[in-house]
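Per-entry structural report
If you want the building blocks of each chain, they are given just below.
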Amino acid sequence: MAQEDGTVHYDGPSGGWGSLRGISSVFGKEWATPLAIETLMRQNKPGGFMCVSCSWAKPASPHQFEFCENGAKATLWDLTSRRCTPDFFAQHTLAELRGWKDYDLEQQGRLTHPLRYDAATDRYLPCGWDEAFHAIGRELRALDPKSAVFYSSGRASLETSYLYALFARLYGHNNLPDSSNMCHETTSVALKQVIGASVGTVVFDDLSSCDCMFFFGQNTGSNSPRFLHPLQEAAKRGVKIITFNPVREKGLETFTNPQNPLEMLTGKETRISSQYHQVRPGGDIAVLMGLCKHVFAADDAAQKKGRRVLDADFLQSHTRGLAAFEAQVRAMPWSEIVAQSGLTREAIEGAAQVYVESDRTIGIYGMGLTQHAHGFENIAMLVNLLLLKGNIGRDGTGISPVRGHSNVQGQRTVGISEKPELVPLDKLAKQFGFKPPRDKGLNTVETCEGILSGKVRAFIGLGGNFVRAIPERDRMEQAWTRMRLTVQVATKLNRSHLVHGEVAYLLPCLSRAEEDIQASGPQAVSMEDTFSCIHGSVARRKPASEHLRSEVAIVAGMAKATLPLNNKVPWDDWVRDYALIRDQIAETYPDEFRDFNKRLFTPGGFYRGNSARERIWKTKSGKAEFTAPKTMSATGFEDAPGRFRLITMRSNDQFNTTIYGYSDRLRGIEGTRDVLLMNPGDIQRAGLREGQVVSLLSDAEDGVDRRVHGLVVTPFSLPDGCIGGYYPEMNPLIPLSHHDEQSKTPAAKSVPVRIRAEDGILRAPLREPPGHSTRPA
Ligand SMILES: Nc1nc2c(c(=O)[nH]1)N[C@H]1C(S)=C(S)[C@@H](COP(=O)(O)OP(=O)(O)OC[C@H]3O[C@@H](n4cnc5c(=O)[nH]c(N)nc54)[C@H](O)[C@@H]3O)O[C@H]1N2
Ligand SMILES: Nc1nc2c(c(=O)[nH]1)N[C@H]1C(S)=C(S)[C@@H](COP(=O)(O)OP(=O)(O)OC[C@H]3O[C@@H](n4cnc5c(=O)[nH]c(N)nc54)[C@H](O)[C@@H]3O)O[C@H]1N2
Ligand SMILES: [Mo]
């Protein structure tokens, strides 16, 4: 749909009939079975199974349908009746499949058999589980453990993750990169340093006792839609929601609850954001600087009347570094704040005044803050703002990173970390009678560097789609094949399975919605949500194939085949009964997981606690730290003529690298993902036309040629100098070195690029039928 200014946008609210149609577009295909509906009804309910989509809370008193458009899609996606069998692989070489689109690969359905790569025919051939485990064990034993990497995407359960990390350490490395290294690692590093806890301090109930939310760079409507319900309730209660986002995201503007018949019939929408500010990408440090500047000014004015805006007692007894920060803020000219943020002084002061007047504020954020060269400063600045008024450690206040994958936070909690200091190694040493490696392991970016340099010889992927999710994709794919061993544990076929090492295995596993029966009976698994609550999950669906194994069984199978016998490490017993794994987790982490098995099905989950919420600051100084930022721009590069800041975005029809379809309904973009979103003024200034086909070229000053072709110029409401494109299509443009300085999270939200017209080619934009295309990727 075109708007008056010619930009593409969506007229309806988020939620509403559109979201029901979004679900039925998936149902409508081959997924529709009564069993699927029954499965959905048990989603996110105590005693049911926990959604595989995002990490949003699973409340104690769930709605009748405690799932959303995208959670339903994610579940149904796994429950497809399509099967990707050995016959499929007999028909296609991997060279051929590498020419397929991501969408078409996953459309083949669930993997059914363990597979071994056969170089002679360039195909995957079926193999036995024992054969696979023995070969993997033999290969790993022949390698230096430090040259192997065990990656995990954030979906695996706490039980699997604990075993996987233990396997890595018994084998001899801490090379445990995970998807959070590309996601909220910035959060883990920044919050740890400034408030002494690496996760958010907000719990679900705070959402109903706050009176203000500052919302930075998180796209609720697509990425955590169940959050729209508490947001709607908050908006109705009069909570002020102040949003900063370069894109006008529908879910943060209006919402119609698809589970409320009255709202659906009357078409009543709730306005979500009371203010919406289209900040420049990378402009948040400047915005937050401006907000703090106004707070200091308001405090000066209040003091003249004998009052305070700042929480002076809190600042005095709980924080450190205020004076230096305050001096920097007071000295910062508004002109600089305005230039860097792209917002007017009035707009920033208007937002700040809401903060000044509110009693309980929550700061919420997502990838818009974390995925920048100075993402650390973004988060530290948000903490600064909150600290000024004592907005951490009181009910209805706090900092709330909205995590991604459904158990990404939990994996880190139980030992998946390349940072040995974050793991109780002494305890593990005692518990399992071994000497854990103490040297720092490789994170995601360092793994990529190691693959490029040839140091990394083996890669095991517990879920995920590594080569698609990382930066610098084209160079990485070439280097990938030089590895000796690659193993992928997965539910569906993706690109990462098609680039492979000399010896390669593809091992199919159960999805979380499928029942997991072991020798002691049906098994439960568990995960941690974004509010640090732990939930048990039990599934009842019949597995997609009788040859599938659980992730626990696969990890244990590989470990047993690799490691020497150790009677303190009874892999077979653990597979027989996962409760025994939970006992081990409770022994390693008694504060968080005491009585783990007893508390497994606590409605709403059990809270593992957060010191910062109690105002106990486990920082170096023992106080909450103010940070004086080193820079006013988070991008990590200078502006230059012809250089644009590219935001890589998720559509409403994808889960990370899994593309469900070609409808980004909430942004009004239909039928294709090959678009370049750009504001009409920029289109004109660049001498381009709507519908013109262009390439993007990397504009990093390192001389490497990186480009993406075939993008259709599409007018879209964005700040000047900033353009948008989809993740993962844009990933070849991100230099590996372009990452948050401190955490090495790739800076996917401000990539320096140039636009080049592909001469003479024009395409009608957004009119292509949603296609099942087999054009080369
Ligand atoms: N359906 C669905 N759900 C998902 C996922 C999915 O792909 N699909 N992915 C899951 C995962 S792993 C994650 S990490 C989360 C991701 O969820 P989000 O954190 O929402 O991540 P993104 O969609 O990448 O983008 C976040 C928002 O940041 C804005 N933004 C970009 N640059 C800036 C900036 O400089 N400043 C500000 N203030 N905003 C900016 C973008 O416009 C966008 O609205 O969602 C999880 N849930
Ligand atoms: N440019 C750009 N790049 C980004 C981002 C961005 O915003 N922009 N976001 C980053 C972020 S936040 C993240 S989290 C990463 C995501 O990176 P990953 O987590 O590596 O990627 P996913 O696309 O989530 O992985 C999907 C695959 O996981 C497998 N899978 C699904 N369910 C299961 C299961 O239950 N078990 C197993 N074993 N496998 C399963 C399927 O085979 C599926 O193809 O990408 C990052 N990359
Ligand atoms: Mo993520």
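Note that the coordinates shown come from a computational prediction; the quantities given were computed from them, not determined experimentally. (Residues numbered from 1 in each chain as written. Chains lettered and ligands numbered in written order. Predicted model: local features only at pLDDT ≥ 70, side-chain atom pairs only at ≥ 80, totals over all residues. Heavy atoms only, no water.)

Describing the overall build of the protein chain
Along the protein chain, the regular secondary structure elements total 30 helices and 33 strands. Against the 2.2 N^0.38 benchmark of 28 Å for 777 residues, the protein chain shows a C-alpha radius of gyration of 25 Å, consistent with a compact globule. Overall size of the protein chain, expressed as C-alpha extent along the three principal axes, is 75 × 65 × 55 Å. The 777 residues of the protein chain split such that 67% are buried. For the protein chain, restricting intrachain contacts to residue pairs at least 6 apart in sequence, the fraction spanning at least 24 positions comes to 79%. (Helix = DSSP H or I, 4+ residues; strand = E, 2+ residues; numbered from the N terminus. Rg over C-alpha atoms; globule rule 2.2 N^0.38 Å. Buried < 20%, exposed > 50% of the residue type's maximum accessible area, 1.4 Å probe, protein only. Contact = heavy atoms within 4.5 Å.)

Details of the packing of aromatic side chains
In total, this model carries 34 aromatic pairs according to the counting rule given. Look at Phe 432 and Trp 574: their rings are 5.9 Å apart centre to centre, the planes differ by 85°, and that puts the pair in the edge-to-face class. Within this pair, whereas Phe 432 is found in helix H21 (residues 425-432), its partner Trp 574 is found in helix H26 (residues 571-576), the two being separated by 142 residues in sequence. Since its relative accessible area comes to 0%, Phe 432 is described here as buried. Cation over ring: Arg 599 sits above Phe 606, and NZ or CZ is 4.0 Å from the ring centre. Directly above the ring of Tyr 726 sits Arg 673, whose terminal nitrogen or CZ lies 4.7 Å from the centroid. (Phe/Tyr/Trp six-rings, centres within 6.5 Å; stacked < 30°, edge-to-face > 60°. Lys NZ or Arg CZ within 6 Å of the ring centre and 35° of its normal.)

Here we look at the UniProt feature "domain: Molybdopterin dinucleotide-binding" (unreviewed entry) in the protein chain
Mapped onto the present numbering, the UniProt feature "domain: Molybdopterin dinucleotide-binding" (unreviewed entry) falls on residues 644-752. Here residues 644-752 is 6% helix and 38% strand, with 6 Å between the C-alpha atoms at its ends. (UniProt positions renumbered as here; feature names shortened; annotations may be inferred.)

Here's the deal with the site of ligand 2
Looking at ligand 2, there are 32 residues lining it, with Glu 106, Tyr 151, Glu 551, Thr 657 and Asn 731 nearest. Gly 463 places a polar main-chain atom, nitrogen or oxygen, 3.4 Å from a nitrogen atom of ligand 2. Contact distances for ligand 2 include 2.9 Å between a nitrogen atom and a side-chain N or O atom of Thr 648. Contact with the protein chains covers 96% of the free accessible surface of ligand 2, which is 920 Å². Tallied by class, the residues present in the shell around ligand 2 amount to twelve nonpolar, 14 polar and six charged. (Near = heavy atom within 4 Å. Polar contact = N/O pair within 3.5 Å; in protein donor to acceptor, adjacent residues only side chain to side chain. Areas by Shrake-Rupley, 256 points an atom, 1.4 Å probe, with all protein chains shown as cover. Nonpolar A, V, L, I, M, F, W, Y, C, P; charged D, E, K, R; others polar.)

Points about the site of ligand 1
Residues in close proximity to ligand 1 total 29 residues, the closest being Asn 219, Glu 249, Asp 284, Gln 654 and Asn 656. In the model, a nitrogen atom of ligand 1 is placed 2.9 Å from a nitrogen or oxygen of the Ser 222 main chain. One of the backbone nitrogen or oxygen atoms of Phe 244 is found 3.0 Å away from a nitrogen atom of ligand 1. Starting from 920 Å² of accessible surface for ligand 1 in isolation, the protein chains cover 98%.

Things to note about empty space enclosed by the protein
Summed over the entire model, instances satisfying the criterion amount to five cavities of 30 Å³ or more. Taken together, 14 residues form the lining of the second largest cavity, with Pro 46, Met 50, His 535, Thr 602 and Gly 604 sitting closest to its centre. Counted by class, the lining of the second largest cavity contains five nonpolar, seven polar and two charged residues. (1 Å grid on protein atoms, 1.4 Å probe; cavity = no way out; pocket = protein on both sides within 12 Å on 5 of 7 lines; lining within 4 Å. Points joined across faces, edges and corners; volume = space filled by probe spheres on them.)

As for the domain arrangement of the protein chain
By the assigned domains, the protein chain splits into domain 1 (14-78), domain 2 (83-176 + 415-509 + 549-588), domain 3 (185-406) and domain 4 (644-761). Listed per partner, the contact involves 22 residues of domain 1 and 24 residues of domain 3. Of the roughly 1,900 Å² buried between domain 1 and domain 3 on both sides combined, carbon and sulfur atoms contribute 58%. Summed over the three residues of domain 1 that lose the most area to domain 3, namely Ser 14, Ser 55 and Trp 56, the buried surface amounts to 37% of that side. Linking domain 1 to domain 3 there are zero salt bridges. In this structure, the connection of domain 1 to domain 3 is made through three residue pairs in polar contact (both at pLDDT 80 or more). Taken together, the elements giving at least two residues each to the side of domain 1 that touches domain 3 come down to strand S1 (14-15) and helix H1 (16-31). (Domains from an automatic or database assignment. Buried area = accessible area lost by both parts, 1.4 Å probe. Salt bridge = Lys/Arg side-chain N within 4 Å of Asp/Glu carboxyl O.)

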